[in-house]
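Coordinates in review
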Amino acid sequence: MGKKNRAKAKAKRFGEGSAKPIVSASTFGVGNAFANPNYDVTLPARRKPGERELLVVDGYNIIHSDTRYERLIFDRSDDPYSRDVYDAARTALIADVAAFAQGRYEPVIVFDGAGNVNTDRPNLPQAGVRIEFSPTGVSADTIIQRLCTDARERGRACSVVTSDGTIQATVMGKGVTRISARMFLGEVRQVDADVAEVEEAPQIKLTLGSRLSPEARAKLDALRGRVR
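Residue positions within a chain follow its written sequence, with the count starting from 1. Since the coordinates come from a predicted model, pLDDT governs what is reported: local features require at least 70, and pairs of side-chain atoms require 80 or more to be given and counted, while whole-chain, interface and lining totals use all residues. No hydrogens and no water enter the side-chain calculation; it runs on all heavy atoms of the structure.

**Here we look at the overall build of the protein chain**
Summing up its helical and strand segments, the protein chain has ten helices and five strands in all. Each residue gets one of three labels from its accessible area relative to the maximum for its type: buried under 20%, exposed over 50%, partly exposed in between, using a 1.4 Å probe on protein chains only. Each of the 228 residues in the protein chain was classed as buried or not, and the buried ones make up 35%. Contact definition: two residues touch when any of their heavy atoms are within 4.5 Å. For the protein chain, restricting intrachain contacts to residue pairs at least 6 apart in sequence, the fraction spanning at least 24 positions comes to 61%. Each accessible area is a Shrake-Rupley estimate made with a 1.4 Å probe; only the visible protein chains count as cover when residues are assessed. Carbon and sulfur atoms form 53% of the exposed surface of the protein chain, whose accessible area is close to 13,700 Å². Only runs of H or I of at least four residues qualify as helices and only runs of E of at least two qualify as strands under DSSP, and these elements are numbered from the N terminus.

**As for the packing of helix α5 (residues 87–101) against helix α8 (residues 181–200)**
Relative placement of two packed helices is described by the angle separating their axes and the distance separating the axes. Running from amino to carboxyl end, α5 crosses α8 at an angle of 80 degrees, the nearest separation of the two axes being 10 Å. In terms of orientation, α5 lies roughly perpendicular with respect to α8. Residue-level contacts link L93, D96, V97, A99 and F100 of α5 to F184, E187, V188 and V191 of α8. Among the residues making up the contact of α5 with α8, the classes are represented as seven nonpolar, no polar and two charged. The axes are straight lines fitted to the C-alpha atoms, using for helices just the contacting stretch, and the angles between their N-to-C directions are given from 0 to 180°. Note on terminology: angles under 35 degrees are roughly parallel, angles over 145 are roughly antiparallel, angles of 65 to 115 are roughly perpendicular, and the others are oblique. Under the scheme applied here, ten amino acids are nonpolar (Ala, Val, Leu, Ile, Met, Phe, Trp, Tyr, Cys and Pro), four are charged (Asp, Glu, Lys and Arg), and all others, including Gly, are polar.

**Digging into the side chain of D58**
With respect to the element layout, D58 can be found in strand β1 (residues 53–58). Only four residue types enter the charge count: Lys and Arg as positive, Asp and Glu as negative, with His and the chain ends excluded. Think of a salt bridge as a Lys or Arg side-chain nitrogen and an Asp or Glu carboxyl oxygen that are within 4 Å of each other. Despite being buried, D58 has no salt bridge partner; R178 is the closest side chain of opposite charge, sitting 9.8 Å away. Ignoring any residue separated from it by four or fewer positions in sequence, one finds D58 in contact with V110, D141, I144, V161, T162, D164 and I167.

**Quick word on the pairing of strand β2 (residues 105–111)**
Of all the seven residues making up β2, six are buried; the element is thus mostly covered by neighbouring parts of the structure. By the bridge criterion, six bridges tie β1 to β2 in an arrangement that is parallel. Among the inter-strand pairings, V56 is bridged to a residue of β2, identified as V108. For two strands to count as paired, DSSP must find a minimum of two bridges between them. As paired elements, β2 and strand β3 (residues 130–133) share four bridges and run parallel to each other. Across the sheet, the residue bridging to V108 is R130, located in β3.

**Here's the deal with the sheet that holds β1**
Taken in spatial order, the five strands make up an open sheet running β3-β2-β1-β4-β5, and their pairing is parallel. Edge strands, defined here as strands with exactly one partner in the open sheet, are β3 and β5 (177–179). Adjacent strand axes in the sheet meet at a mean angle of 25 degrees when their direction is disregarded. Running over the sheet, α5 touches β1, β2, β3 and β5 and is turned about 160 degrees from β2. Across the sheet, helix α6 (residues 140–153) is in contact with β1, β2, β3 and β4 (158–161); its angle to β1 comes to roughly 170 degrees.

Written as C-alpha cells, this is what we have:
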C-alpha cells in the first residue's frame, strides 16, 4: 500500500467522522450499558482550531495485548539490579505512543499503580507523552474514565486506546472514540516499516536545482543572468 493510500486509510479509521453516529447494544453485545434503549449516546466532539485531540492510552492493557511489549517484561538489560519488571515494556510503549500521536493528539498513558515497586511514582512527561500512575487504592480504569469524561464535558475531542470491555462500555456512550489495541499496533508497525524504508533508501543530496521544475530553473537562470 502506498503512503497516500495509507494516509487515507488512517484518516478514515482515526480522523473526524470515523465514529459511527449511532451506537447500539449490538456494538458490544447484549448485557452492557447500551442494552438500555434510554442510554444517553453522545456523538464525538470535533477538534477545535488549534486544539489537539486528547489520546488516552490504557497502558498495561496494551502492553499485555501483544508480544511486542510482553517480551520486554522482565527485561533488565538496561538495569540488571532493577526490581521493576515493566520498565522496558513501558519505555517501548511510550516511544510508540509518541510516534503515533505525531502532533495530532495530546497523548497521556495511564498505568495502574498497584503492584509497582513505587506506588507513588512521579507523573513526569516522557518524549512529549504525559504519564499517569494511578494512586494507591485507585484503578487505572477509574483514571481513564475520569480523563475521558472531563474532556467530553469541556467539549474536547477524545479517543481512548484500549481493548478493555469495561472501559469501552463506560466511555463510548459519552462520545469518546475507541481505538483498539489491534488498530493501534497496526499503525505502529506501519510507522516502523516507513522508517525502515527511509533508512534503506539511497542517500541523495538534494540541491535547490534538483527540487525545481525545468521551467522554474530556467527562470532562475535567466534572473541570474540579468544580475550579472
